[in-house]
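Now for the letters of each chain:
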Amino acid sequence: MRSPITFMLLLALFGMLVIIRAFENELFYDPYLLFFKSDYLKMDFPNREILKLTLYTTLRYVLNMLISLGIIYLFFKDKSIVQFSLLIYGVAYVILVSFFLYFVIHPRQEDYYLFFNFRRFLIQPILLLLLVPAFYYYKLKH
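For every chain, the first residue of the written sequence is number 1, and numbering continues from 1 onward in sequence order. Local features are withheld for residues below a pLDDT of 70 in this predicted model, meaning they are given only at 70 or higher, and side-chain atom pairs are given and counted only at 80 or more; totals for whole chains, interfaces and linings count all residues. Excluded from the side-chain calculation are hydrogens and water; included are all heavy atoms of the structure.

Novice: Before we go on, may I ask you to explain unusual backbone geometry in this structure?
Specialist: Negative phi is the rule for most residues except glycine; trans is the rule for most peptide bonds. With phi around 50°, Lys 77 is a residue other than glycine that occupies positive phi space. Note on placement: Lys 77 falls in the loop between α4 (50-76) and α5 (79-105). Its relative accessible area of 43% is what places Lys 77 among the partly exposed residues. By definition, any uninterrupted DSSP run of H or I lasting at least four residues is a helix, any uninterrupted run of E lasting at least two residues is a strand, and each is numbered from the N terminus. The buried label applies to any residue whose accessible area, calculated with a 1.4 Å probe on protein chains only, is under 20% of its type's maximum; exposed applies above 50%, and partly exposed to all values in between.

Novice: How should I be thinking about empty space enclosed by the protein in this particular structure?
Specialist: To find the voids left in a structure, one rolls a probe of water-molecule size over its atoms. With a 1 Å grid spanning the protein atoms alone, the term cavity applies to any set of points in which a 1.4 Å probe fits but cannot get out, the term pocket to an open set with protein on both sides within 12 Å along at least five of seven lines, and the term lining residue to any residue with an atom within 4 Å of a point. Grid points are joined across faces, edges and corners, and a volume is the space filled by probe spheres set on the points. Here the structure, examined in full by the defined rule, presents two cavities of 30 Å³ or more. Surrounding the largest cavity, Tyr 61, Asn 64, Met 65, Ser 68, Tyr 89, Phe 121, Leu 122, Gln 124, Pro 125 and Leu 127 form its lining. Those elements that place two or more of their residues in the lining of the largest cavity are α4 and α6 (112-123). Broken down by element, the lining of the largest cavity gets its largest block of residues, four residues, from α4. Any residue outside Ala, Val, Leu, Ile, Met, Phe, Trp, Tyr, Cys, Pro, Asp, Glu, Lys and Arg is labelled polar, Gly included; the first ten of those are nonpolar and the last four are charged. Here the lining of the largest cavity is composed, by residue class, of seven nonpolar, three polar and no charged. Size it by volume and the second largest cavity reaches roughly 40 Å³.

Novice: Whenever I open this one, the environment of Thr 57 confuses me. Can you help?
Specialist: Along the chain, Thr 57 falls in helix α4. Sequence separation of Thr 57 and Met 8 is 49 residues, and the distance between their C-alpha atoms is 28 Å. Note on contacts: a residue pair qualifies if any of its non-hydrogen atoms lie within 4.5 Å across the two residues. Every residue in contact with Thr 57, bar those within four places of it in the chain, is listed here: Phe 100, Leu 122 and Ile 123.

Novice: I'm lost on the packing of helix α1 (residues 4-22) against α4 in this one. Help?
Specialist: The relative placement of two packed helices comes down to the angle between their axes together with the axis-to-axis distance. Interaxial angle, 0 to 180 degrees, is taken between N-to-C directions of lines fitted to C-alpha atoms, where a helix line uses only the stretch in contact. Close contact between α1 and α4 brings their axes to 10 Å; oriented N to C, the two are set at 160°. Taken as axis vectors, α1 and α4 run roughly antiparallel relative to one another. Every pair of crossing elements has a handedness; the one defined by α1 and α4 is left-handed. Of α4, the residues touching α1 (which contributes Thr 6, Leu 9, Leu 10, Leu 13, Phe 14, Met 16, Leu 17, Ile 20 and Arg 21) are Arg 60, Leu 63, Asn 64, Ile 67, Gly 70, Ile 71, Leu 74 and Phe 75. Angular relationships are summarised with four words: roughly parallel below 35 degrees, roughly antiparallel beyond 145, roughly perpendicular across 65 to 115, and oblique for the angles in between. A crossing counts as left-handed when the near helix is turned anticlockwise from the far one by less than a right angle, and as right-handed when that turn is clockwise.

Novice: Would you mind going over α4 with me for this structure?
Specialist: An α-helix turns once per 3.6 residues; consequently, residues spaced three or four apart project the same way. Expected span of a helix: the number of residues minus one, times 1.5 Å. In this model α4 runs 38 Å from its N-terminal to its C-terminal C-alpha over 27 residues, within 8% of the 39 Å that 1.5 Å per residue would give. Two residues or fewer past α4, Lys 77 is found with a positive phi of approximately 50°.

Novice: Help me out: how do you make sense of the packing of aromatic side chains in this one?
Specialist: For Phe, Tyr and Trp, rings pair up if their centres lie within 6.5 Å, where Trp contributes its six-membered ring, and each pair is then called stacked (planes under 30 degrees apart), edge-to-face (over 60) or tilted (otherwise). Per the stated rule, a full pass over the model turns up ten aromatic pairs. With a centroid separation of 4.5 Å and an interplanar angle of 15°, the aromatic rings of Phe 99 and Phe 118 are classed as stacked. Separated by 19 residues along the polypeptide, Phe 99 in helix α5 and Phe 118 in helix α6 bring together distant segments of the chain. The rings of Phe 99, Phe 100, Tyr 102, Phe 103, Phe 115 and Phe 118 are connected pair by pair, giving a single aromatic cluster. By definition, being over a ring means that NZ of Lys or CZ of Arg is both within 6 Å of the ring centre and within 35 degrees of the ring normal. Stacked on the ring of Tyr 29, the Lys or Arg Lys 52 has its end atom at 4.6 Å from the ring centre.

The structure is reproduced here in structure tokens:
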């Protein structure tokens, strides 16, 4: 049984993920937030500052990653799982940001949906949703 402090910390960390999402317009420069909420398949690509966009997207990824690593640690209390998760986050970042930059620099309407999904992995804690069940299953089997 986990201690009440662990539950409170988990609640605080999940709350931080919610706050990042709830205040994304105020916290981060991202011209695509409004773009993808609109009928983007019929719109022109928004004007953007590539360096500023990349830095803010990276900041958001790092914040989500750090919070997610805290959640993973509190769930499993295993530093090797956290270290492996950090490796996964690092490799994923390199791959995802490469595709992200390609789509930002070379916008084509037929690629909007792909861009939307690569961007989603960078700005939302989707890897957390994949890693927690995977590590839980791993723990059950070992």
